[in-house]
Amino acid sequence: MAKEELMQFDGLVIEILPDARYRVQLDQGHEIVAYTAGKMKKNRIKTLAGDRVTVEMSPYDLEKGRLVFRHKDERSSGPRPPMRGQFRRR
């Protein structure tokens, strides 16, 4: 039997819950509880309230999901200005 396809949705993290879980409001208006995917934990990608994320969900349980991607913030997309008067840390 083939593995079922996972559905992907975009949403917004509205609350950080205990045990590495998040309350996410999907663009369709539904609220779910999601946990961080293993690759995000491995690469130490931090997720904060207010972040745009992509969530994978099983078609069998539409109340839980897995955060698979954190979208970059629009404000930090430009190049950083050089830091003057600061020493670089070794």
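Residues numbered from 1 in each chain as written. Predicted model: local features only at pLDDT ≥ 70, side-chain atom pairs only at ≥ 80, totals over all residues. Heavy atoms only, no water.

The name recorded for the protein chain in an unreviewed UniProt entry is Translation initiation factor IF-1, from Methylobacterium goesingense. Heading Sequence similarities (unreviewed entry) of the UniProt record for the protein chain holds this comment: "Belongs to the IF-1 family." (UniProt positions renumbered as here; feature names shortened; annotations may be inferred.)

Asker: Can you walk me through the environment of Thr54 in this structure?
Answerer: With respect to the element layout, Thr54 can be found in strand E4 (residues 52-57). Taking the C-alpha atoms as reference points, Thr54 and His71, separated by 17 residues in sequence, lie 7.6 Å from one another. Every residue in contact with Thr54, bar those within four places of it in the chain, is listed here: Gln8, Phe9, Asp10, Arg66, Leu67, Val68, Phe69 and His71. (Helix = DSSP H or I, 4+ residues; strand = E, 2+ residues; numbered from the N terminus. Contact = heavy atoms within 4.5 Å.)

Asker: What exactly am I supposed to notice about the pairing of strand E5 (residues 64-70) here?
Answerer: Remark: a regular strand shows side chains that alternate across the two faces of the sheet. Pairing geometry for strand E3 (residues 31-36) and E5, over four bridges, is parallel. Along E5, the bridge assignment pairs Ala34 with Gly65. With four bridges connecting them, E4 and E5 associate as antiparallel partners. Pairing of Val53 across the sheet is with Arg70, part of E5. Connecting E4 to the antiparallel partner E5 that follows it, the hairpin turn spans six residues. (Pairing = 2+ DSSP bridges.)

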